[in-house]
Amino acid sequence: MEENNKDKNKIILGIVGLAIILILLIAGFLYKDKLIPPAPVAKQDIQPKETPKKEEQKATGVPNIKFLGAAQMVGGSCFLIDTGKTKFLVDVGLFYGSDEQHLNKKLDFDPKQIDFVLLTHSHMDHAGRIPLLYKEGYTGKVYGTDASKSILGVMLEMSIKIAEGLGQSLFGFDEFKKTMENFETIPYYEKKQLSEDVSVKLYDAGHILGSATLQIFIKDEKGEFTLVVASDFGAKRTPLLKDPDILTEGDYILIESTYGANKKKKSNFTEFGKSIAETINNGGSVLVPAFVLEKTQKVIYIIGELKRQGVIPKDVPVYSDSSTAKDVTKIYRKYYMYYDEESSKLFKENGDALYCEGLQELKSKETLKTHDTGKPAIYISSSGMLDHGAAPRHLEKMIENPKNLIAIVGWQAPSSLGRKLQEGAKTVSIPIEEFSGGKVDKKIVNKPVKMQVKKFGNFSSHADGCEIMDWLSNFKKTKKIFVIHGDKENVFGLAKAVNEKLGFNTATPVMNETVSLSAKEKDYPLNAKKPFCEGDEIDKFNSKADQ
């Protein structure tokens, strides 16, 4: 009898135990999120948004960042960071779009309250409005590299002269002088304390000479976090320059999206050289419209190299006729210490990495006369989009000869003359500038397009989507990646690709949007799904890019 009771008790205890286990399992399932916090899953804030209204533009707290340019657009790079103790700007650039010109005339903040300005590089869409700050009462410093300071002086002087000639001045030489007097240089890799709670370190961005990726250290009441700004970022194996430095720590990252999520062609300049050689050998001449900064220097370097390789005839003359480009080229020669290994070797051998046999840097009046000789030549002339300068005058003389070639090596804005030629226009209107009494008048000359037109996309100084994702994969965790500096389609495409391929939290800010930053905001670990780009795989994110 006792044995039967013991067996019954065991059975009852077993049933009770099973019931308890079932209850715990059910409770665990129903309340798992409260019992065990889930691992963070990367979000993406990449849906189209409207620009916030004035009354909606107040931040929820400090520190914060306000996007005053390059937000779902290419130009006007400008970001205002407010830590609660320090207010500073990263870049103050010009807007280039025809429907954005009104944005150049106003500042959506009080310059008197700004403590300092950090400059990534001296392209005018990043630096072109800095003197306007001084015109509106700013008295602080501008920080950047030594090469950026030298280039900025040349570029701002050119910008002022063009604007005065067109009667569209935003500032004058007094503000230009204040800008240069207050520009303080920071060497690469040297951490500099800028205020009580902000310090910065500059890394080589590999975009243009002197360009920098900024690693900004900001202290708040909850600790310290880093803000990395890569607002223009170089491609690997860019001629003359070193590859971009790799960073591994950054809580918030601003990254450009010029190419969106697209993979561009490899930088092989043989096709460019063969096209020039074929044109020259057939008795034609070549026009290369090039921006005075970076593109002109790169074209000179590549043509020189192709001549050394025997691809282009050594005896063909090469004319470069922009005085500003000549000044920038001198700066490139001065800062040879920033060259890559190949260019440094060439510098040591020839004393000039930009040596190009047959190169003549002349005034445009002289180069335009050479067309009368009828002899084949290569003309490197500004502007890069053929909207001003000597390039349109060369085009006028060359466009009706089918033996001639125009080699387009840079980005062409929508509706620009360069874009129309690139897209196959049969007839174009050429703006010819005429100078009188310090003013510039333009006349329009209509011409049929009979010359050859070819686009060479391998001259880009921007990293493509694959290179950017590869660079971002060096960060083991981030809080948020802001995708900036690109057309809307490219911004959304890269943001989606980074989110899906790397697992990072991404956002696509709009103009005047303010976002809070915090040392305690959630981290999102790297969850890389390699390869980032293989074949046409990347095209599923974004199939269009202006190569």
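See the structure printed just above.
Reading guide: rules and limits
Residues numbered from 1 in each chain as written. Predicted model: local features only at pLDDT ≥ 70, side-chain atom pairs only at ≥ 80, totals over all residues. Heavy atoms only, no water. Helix = DSSP H or I, 4+ residues; strand = E, 2+ residues; numbered from the N terminus. Expected span 1.5 Å × (residues − 1). Buried < 20%, exposed > 50% of the residue type's maximum accessible area, 1.4 Å probe, protein only. Contact = heavy atoms within 4.5 Å. Salt bridge = Lys/Arg side-chain N within 4 Å of Asp/Glu carboxyl O.

J.: Would you explain helix α5 (residues 146–166) in this entry?
T.: Helical geometry: 3.6 residues make up each α-helical turn, so side chains three or four residues apart lie on a common side. In this model α5 runs 31 Å from its N-terminal to its C-terminal C-alpha over 21 residues, within 8% of the 30 Å that 1.5 Å per residue would give. Looking at α5, one finds that the buried residues are Ala 147, Ser 148, Ile 151, Leu 152, Gly 153, Val 154, Met 155, Leu 156, Ser 159, Ile 160, Ala 163 and Gly 165. Close packing links the buried residues of α5 with α3 (124–127), α4 (130–135), α6 (173–181), β7 (183–185), α9 (323–334) and β19 (439–448). In the stretch just after α5, Gly 167 is the one whose phi turns positive, near 70°.

J.: What should I look at first to understand unusual backbone geometry in this one?
T.: Among all residues except glycine, the phi angle is most often negative; among peptide bonds, the trans geometry is most common. Of note, the amide linkage connecting Ser 382 to Ser 383 takes the cis form, showing an omega dihedral of 10°. Considering the arrangement of structural elements, one finds Ser 383 in the loop between β16 (378–381) and α12 (391–398). Backbone geometry at Arg 237 places phi at a positive 60°, although glycine is not the residue there. Tracing the chain through its elements places Arg 237 in the loop between β11 (223–230) and β12 (252–256). We note that Leu 386 has phi near 65°; this positive angle belongs to a residue other than glycine.

J.: Hey, could you run me through the pattern of salt bridges in this one?
T.: Working definition: two side chains of opposite charge can pair if their charged atoms are close together. A complete count under the given rule lists 15 salt bridges for this structure. A salt bridge links Lys 443 to Glu 434, with the shortest nitrogen-to-oxygen separation between them at 3.6 Å. Note on Lys 443: relative accessible area 39%, which makes it partly exposed. The closest approach of N and O atoms between Asp 523 and Lys 477, which form a salt bridge, is 3.7 Å. Placement of Asp 523 in the loop between β24 (514–516) and β25 (524–525) and of Lys 477 in strand β21 (residues 477–478) is noted, with a sequence separation of 46 residues between them. Given the relative accessible area of 25%, Asp 523 is considered partly exposed. By relative accessible area, Lys 477 is classed as partly exposed at 46%. If you follow the salt bridges from partner to partner, you end up with Lys 141, Glu 184 and Lys 192 in one network.

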